[in-house]
Protein chains: 2
Amino acid sequence: MKEWDSRQKARADRIQAGSRFADGKVVAPANLTALLEAVIRSKDRVCLEGDNQKQADLLAEGLAAVDPSIVHDLHIVQSGIVLPEHLDLFEKGIAKRLDFSYSGPQSARVASLLFGGKIELGAVHTYLELFARYFIDLTPNVALIAAVSADRDGNLYTGPNTEDTPTVVEATSYGNGLVIAQVGEIVDKLPRVDIPGDLVHFVVDAGRHFYVEPLFTRDPGAITEAQILTAMIAIKGLYAPYGVRRLNHGIGFNTAAIELLLPTFGEKLGLRGKICTHFALNPHPTMIPAIEAGWVEQIHSFGSEVGMEDYIRARSDIFFTGPDGSLRSHRAFCQTAGLYACDMFIGSTLQIDLNGHSSTVTESRVAGFGGAPNMGSDPRGRRHPSPPWLKAGAEADPDGPAPLRRGRKLVVQIGETFGEANAPLFVEKLSALELAEKLKLPLAPVMVYADDTTHIVTGEGIANLLLCRTADEREQAIRGVAGFTDIGRGRNHKMVEALRARKVIQRPEDLGIDPLDADRSLLAARSIKDLMLASGGLYAPPSKFRNW
Amino acid sequence: MKEWDSRQKARADRIQAGSRFADGKVVAPANLTALLEAVIRSKDRVCLEGDNQKQADLLAEGLAAVDPSIVHDLHIVQSGIVLPEHLDLFEKGIAKRLDFSYSGPQSARVASLLFGGKIELGAVHTYLELFARYFIDLTPNVALIAAVSADRDGNLYTGPNTEDTPTVVEATSYGNGLVIAQVGEIVDKLPRVDIPGDLVHFVVDAGRHFYVEPLFTRDPGAITEAQILTAMIAIKGLYAPYGVRRLNHGIGFNTAAIELLLPTFGEKLGLRGKICTHFALNPHPTMIPAIEAGWVEQIHSFGSEVGMEDYIRARSDIFFTGPDGSLRSHRAFCQTAGLYACDMFIGSTLQIDLNGHSSTVTESRVAGFGGAPNMGSDPRGRRHPSPPWLKAGAEADPDGPAPLRRGRKLVVQIGETFGEANAPLFVEKLSALELAEKLKLPLAPVMVYADDTTHIVTGEGIANLLLCRTADEREQAIRGVAGFTDIGRGRNHKMVEALRARKVIQRPEDLGIDPLDADRSLLAARSIKDLMLASGGLYAPPSKFRNW
C-alpha cells in the first residue's frame with residue numbers, strides 16, 4: 001500500500017531527532033551543528049538563506065561544520081552564493097549539486113569549483129525563476145533562514161530585509177519541509193510578525209544580527225562626467241518622450257546619475273510628475289534628493305539598504321512599511337512588479353555584441369543573473385496598456401493593426417563606450433559565449449537578449465532598436481553609438497547618417513544637449529555627505545562610506 | 001512643510017472612525033454598512049476580495065448597501081468580478097472605475113455597463129499582472145477580504161482557499177491601507193495562521209462560510225469521443241516527444257480528457273514518470289486517477305476545489321498543505337510557477353484566427369483573462385534549460401548558435417474544429433477584435449497571441465507552428481488542422497501535404513493513432529462517481545454533481 005504522507009512523517013522524524021538539542025523550538029548556538037546533523041539527510045534539497053543582501057551566516061557556519069560522512073551530497077537551492085561557507089560546503093563534499101541565481105563576491109570561486117567538478121550545476125536562474133521552481137520541482141526539504149528576532153512560539157520578525165524569507169518559508173514549510181531560523185534575539189513580543197510561528201520548527205538564538213551588505217550605496221563623488229552625459233541623454237531622449245512613470249533602475253553609477261539629475265536637469269525640463277513617479281527599486285540613497293523634491297509617489301522594494309532605516313521610517317508615504325514603521329521588502333512581489341507593472345528597465349552592462357545581446361560576465365567568473373533578466377525582458381503575458389508601452393509597441397510594428405499589436409517594454413542598456421580599465425563596452429563576441437564554451441553550458445549566460453533590448457545609450461547617443469527593420473540596420477545602429485571602440489570605428493558612415501536622419505540614432509546635439517554641460521554641478525548631491533544632508537540627517541551611511 | 005506620513009495618519013483616522021462600530025477589532029454584521037461608511041472615503045482604491053473561487057460575499061453586500069452620497073466614485077481593483085453586488089456598486093454610483101482580471105458569470109453585464117458608461121475601465125489584466133500593479137500604481141487604500149476564521153487579535157485562517165489573500169493583504173496593509181476581513185467564526189486558537197493579525201484592522205463575524213464555487217469539476221460523463229481523440233493526439237504527439245514533465249493544464253474538457261487518459265492510454269505508451277510529474281494546477285478531481293496510479297510527484301495550486309478537501313489532506317505528499325493538514329494554495333506564487341517553472345501550458349479556446357491568435361471572447365461579453373495569458377506566454381526572462389524547452393527553441397530557430405538561442409515554452413491550444421452549438425473554432429476575424437472596435441478598447445482582448453502559440457491540436461491533428469518559416473506556412477498549417485470549417489476548406493492541399501511531409505502537420509495516422517480507438521472506455525473514470533470511487537471515498541463531490 002502506497003504511503004501518501006511520507007514527507008509529513010519525515011518532517012515529524014526530523015523534528016523529533018532535533019528536539020533533543022532544543023528547548024521547545026529554541027536551540028543554543030553550541031548545539032547547532034549537532035542539530036543540523038540530526039535533522040538534515042544526505043541528498044536533501046537545502047536552501048541556506050543567502051539573499052541578495054541578508055545572509056543566514058551563523059547557519060552557514062554551522063552547516064559547513066557538519067561531518068561530511070554524516071551529511072553529504074546536498075542539493076543547494078538558494079538565490080545567493082555570497083559567503084565563503086556557501087562554497088566550503090562543496091569543497092568538503094557536504095554539498096554536491098547547485099541551483100542558484102547570484103554569486104557576486106564568490107563568482108570566481110564558483111567558476112573554479114565548476115571546472116574542478118566539485119559543483120554539479122543545475123542551472124543559473126533569475127530570482128523569480130528560482131522562486132518559481134521552489135513550488136514545482138526544486139522544493140526544499142530544509143530551509144535555513146535568517147530573521148532579526150523571534151518569540152518562543154517561533155514567530156519571526158525579519159525587519160526591513162524581509163527579502164526572500166516569505167517565499168522560501170512558503171515553499172518549504174507548506175511543502176512539508178523543515179524550517180530553521182537564526183535570530184538575533186528571542187523576545188516576548190515582536191515588533192511585527194513577518195513569518196507565523198506555525199511554519200518555523202527550530203529557532204537558533206545567534207545573539208547577533210545576521211550579516212547584511214550595503215550593496216546599493218553609490219557614492220555621488222565617484223560619478224563621472226561621462227556618466228552625467230549619458231544620464232542627460234537618457235532623461236531627455238527616453239524618459240521624457242516615452243513619459244516613463246513606472247520603472248526599475250539597475251544598481252550602477254549610470255542610473256545613480258539619472259537619479260541625481262532628476263531634481264536639477266529633470267526639473268528644468270519640467271518633468272516632475274511626468275516621469276519617475278513609481279518604482280520597483282531597492283531604497284537607493286541616491287534617490288533621496290528626488291524624493292525630497294517631490295518627484296516620487298511610491299517605491300516598492302526587493303530588499304533594504306544599510307543606513308536607510310530611519311529615512312524610510314520617516315517617509316512612509318513613499319515606502320511600504322509595517323505596523324512597526326520599518327520597511328517591508330519582498331523580493332518575489334517586487335520582481336513580479338518589475339516584470340509586469342513597470343514600463344522600463346534600465347541598467348548598466350559590461351559588454352554588448354553586434355546583435356545587441358548584453359552580459360556582465362567575464363571569462364573567469366560565474367556571477368549569475370540576479371533580477372535583471374526578469375525585469376529586462378518583454379513580458380509577453382502583459383495585457384494592460386500604458387502610453388510608453390503602446391508607443392514602444394507601435395515603433396516596433398508600425399504597420400500591424402493596433403488592437404492586435406501588443407506594446408513593448410522599454411529595456412535600455414546604458415554605459416560608456418569604454419568602461420573600467422578602458423575595456424570596450426562593445427565587442428565582437430561576448431565573454432559569456434566564451435565561458436559557455438569553456439564550461440560546456442547549454443546556454444551562454446546572456447543577461448539581456450537582443451530581442452528584448454529596445455535602446456542602447458552611450459555618450460555618443462541613443463540607438464533605438466525598435467525602429468530598426470533589418471539585422472543590418474540593427475548592427476549599424478549599435479556601431480553608430482559605439483564611439484571609438486573597434487566596433488564603433490567599423491561603422492558604415494553613410495548608413496549611420498541615414499539612421500540618424502530617421503531618428504534611429506539620436507546624438508546629444510539632436511536632443512539639444514551640449515556635452516560641455518555635463519558637469520558634476522548638475523548632481524543634486526555630490527557626495528555621501530550631501531545625501532545625508534539632503535535627508536535631513538535621517539540617512540546614516542555605513543562607516544565605510546563616511547569620510548567626514 | 002511636506003507631510004510624509006499622510007497615509008499612516010489617514011489609516012489611523014479610519015481605524016478611529018471605525019472603532020465605534022467595533023469591539024476591539026470585531027464588528028457585528030449589523031454594524032457593517034455603518035463601519036464601511038465610516039472608514040471608506042470617496043475615490044478610494046478598494047479591493048473587494050473576489051478571487052477566482054472565494055468571495056467576500058458579506059462585505060460585498062455591505063459595500064453595495066452604503067449610501068452613495070457618502071461613499072462614491074470608488075476605484076475597484078480586484079481580480080474577480082463574480083457576484084452581482086460587484087456590479088451593483090457601479091450601477092449605484094458607489095464605484096466608478098474598474099481594474100480587474102476575470103468576470104466569468106458577470107461578463108455580459110460588465111459589457112453592458114461599459115457600453116452604458118457606468119464603468120470607466122482601467123484595464124483587463126491577468127491575475128499576476130494585477131497583483132504586480134498592487135505594488136506599483138494600483139495599491140488599494142482598503143481591502144475587504146474573506147477568511148474561514150479569526151482570533152480576537154485578527155489573526156486569520158483562510159483554509160484551503162488561500163488564493164489571493166496574502167497578496168492583497170501584503171500590498172494593502174504594508175502600503176498603509178486598511179484591511180477588513182469577514183470570517184465564518186471567531187475562535188480562540190486558529191488551525192494555522194495564514195495572515196498575521198498585525199495586518200488586519202477589523203474582523204466581521206459573518207456567522208457563515210464565505211461563498212465559493214466549484215469551478216474545476218469536470219464530469220467525465222460529459223467528455224466526448226472527439227475530446228478523447230484530441231487528448232490522445234496531444235499525449236502521443238506532444239507530451240511524449242517533448243517529454244513534458246512540468247506543466248499547467250487549462251480547465252476545459254479537453255485537458256480533463258488528457259488527465260483521465262494518463263493511467264490508461266499513457267500507461268500503455270510507457271509514459272509514467274516521463275511526463276506529467278509536476279503541475280501548477282488547481283486540485284482537479286479528474287486528476288485523481290492519475291495521482292492514484294502514481295503518475296504525479298507534486299502539484300502546487302492557485303486555489304482549491306470544493307469536495308477535494310479530505311482527498312488533499314490524505315495526499316500530502318502530492319499537495320502543499322499546512323500544519324493543520326489542509327491545502328495551502330497561493331495564486332500569486334502558483335501563477336509565477338506556471339510562468340517560469342513549467343515547460344508547457346495547454347488549454348482549450350473558442351476561436352483561433354489565421355495568424356494563430358486565440359480568444360475566448362464573444363461579442364457581448366467581457367470575460368477577462370484570469371491566468372491563461374500569463375502562463376500561455378513565452379517567459380523571455382527565463383534562464384534555466386530543460387529538455388522540452390531546448391527542443392522547442394531549436395525547432396523555432398534551427399540555424400541560430402545554440403548557446404545564444406533561448407528555449408521556448410510550449411503553448412498549446414486544443415479544441416474540436418466545431419465546438420458548442422456547432423460554432424467553428426477557426427475564424428477569419430476574432431470576436432475579440434469586433435469587441436475592441438465596439439468598445440473602442442486600445443487592445444483587443446486576445447487570450448494567447450500568435451507569436452506565443454507553438455501548437456494547435458484538433459481531431460485532425462497537430463499543427464507545429466514552431467516549424468513554420470513564413471506567414472504563409474503558418475496560415476496553411478492552421479488551415480490544415482481546421483477540419484471542415486470554412487477556414488479548413490480554404491486550405492491549399494498541395495502546401496498542406498508538403499507541411500505534413502515536413503511534420504509541421506501530423507495526422508492521427510502519422511502518430512499511429514486510430515480515431516476509432518477514441519472510445520470512452522479509455523477514460524480512467526467515466527463519471528463523477530468513478531472519481532469518488534477512485535479516491536477511496538475521500539473525494540466528496542458537491543451535490544449538484546451527484547446523481548447517485
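Residues numbered from 1 in each chain as written. Chains lettered and ligands numbered in written order. Predicted model: local features only at pLDDT ≥ 70, side-chain atom pairs only at ≥ 80, totals over all residues. Heavy atoms only, no water.

Enquirer: Tell me about the overall build of chain A, and name the residues and values.
Expert: In terms of helices and strands, chain A carries 19 helices and 22 strands. Its C-alpha radius of gyration of 24 Å places chain A within 12% of the 24 Å reference for a compact globule of 548 residues. Dimensions of chain A, computed from the C-alpha atoms along their principal axes, are close to 75 × 50 × 50 Å. Looking at chain A as a whole, 65% of its 548 residues are labelled buried. Intrachain contacts of chain A at a sequence separation of at least 6 include 73% that bridge at least 24 residues. In chain A, 59 positive and 67 negative side-chain charges are present, and the distance between their average locations comes to 3 Å. (Helix = DSSP H or I, 4+ residues; strand = E, 2+ residues; numbered from the N terminus. Rg over C-alpha atoms; globule rule 2.2 N^0.38 Å. Buried < 20%, exposed > 50% of the residue type's maximum accessible area, 1.4 Å probe, protein only. Contact = heavy atoms within 4.5 Å. Lys, Arg positive; Asp, Glu negative; His and termini not counted. Charge placed at Lys NZ, Arg CZ, Asp CG, Glu CD.)

Enquirer: Explain the side chain of B:T458 to me, using residue names and the numbers behind them.
Expert: Residue and element names in this part refer to chain B. Summarising the element assignment, T458 is placed in strand β20 (residues 455-458). Polar side-chain contacts of T458 include one of 2.7 Å to the backbone oxygen of V481. Setting aside residues no more than four positions away along its own chain, T458 makes contact with T230, I233, G415, T417, L425, F426 and V481. (Polar contact = N/O pair within 3.5 Å; in protein donor to acceptor, adjacent residues only side chain to side chain.)

Enquirer: Please set out the interface of chain B and chain A residue by residue, giving values where relevant.
Expert: The interface is formed by 93 residues belonging to chain B together with 92 residues belonging to chain A. Buried area between chain B and chain A, both sides added, is near 8000 Å², and the carbon and sulfur share of it is 58%. It is B:W4, B:Y174 and B:R383 that lose the most area in chain B upon contact with chain A, and together they represent 12% of the buried surface on that side. A salt bridge links A:E170 to B:R328, with the nearest nitrogen and oxygen atoms 2.7 Å apart. Taken together, chain B and chain A are joined by 48 residue pairs in polar contact (both at pLDDT 80 or more). Sort the elements by how many residues they give to the side of chain B that touches chain A and helix α12 (residues 331-340) of chain B lands first, with 6 residues. For the side of chain B that touches chain A, the class distribution of residues is 46 nonpolar, 23 polar and 24 charged. (Buried area = accessible area lost by both parts, 1.4 Å probe. Salt bridge = Lys/Arg side-chain N within 4 Å of Asp/Glu carboxyl O. Nonpolar A, V, L, I, M, F, W, Y, C, P; charged D, E, K, R; others polar.)

Enquirer: Which residues make up the side chain of A:T349, and what values do they have?
Expert: In this fold, A:T349 is placed in the loop between β16 (344-348) and β17 (351-352). Within the local environment of A:T349, its side chain forms a polar contact with the backbone oxygen of A:S359, the two atoms lying 3.3 Å apart.

Enquirer: Could you give an account of the pattern of salt bridges, with specific residues and numbers?
Expert: Two side chains carrying opposite charge are able to pair once their charged atoms lie near each other. Residue and element names in this part refer to chain A. Taken as a whole and judged by the stated rule, the model has 80 salt bridges over all chains. Ionic pairing is found between E292 and R315, a salt bridge with its closest N-O pair at 2.8 Å. Placement of E292 in helix α10 (residues 288-292) and of R315 in the loop between α11 (309-313) and α12 (331-340) is noted, with a sequence separation of 23 residues between them. Owing to a relative accessible area of 9%, R315 belongs among the buried residues under this scheme. Between K391 and E395 there is a salt bridge; the shortest N-O distance is 3.9 Å.

Enquirer: Break down the sheet that holds strand β21 (residues 461-464) of chain B for me, with residues and values.
Expert: Residue and element names in this part refer to chain B. Strand order in the open sheet formed by 8 strands is β15-β14-β13-β16-β19-β20-β21-β22, with mixed pairing between adjacent strands. Taken across any chain shown, the strands that pair with only one partner, and hence form the sheet edges, are β15 (298-300) and β22 (505-506). Inspection of the sheet shows β20 paired to β21 by 4 bridges, in the antiparallel sense. Bridge pairing in β21 links I456 to A463. (Pairing = 2+ DSSP bridges.)

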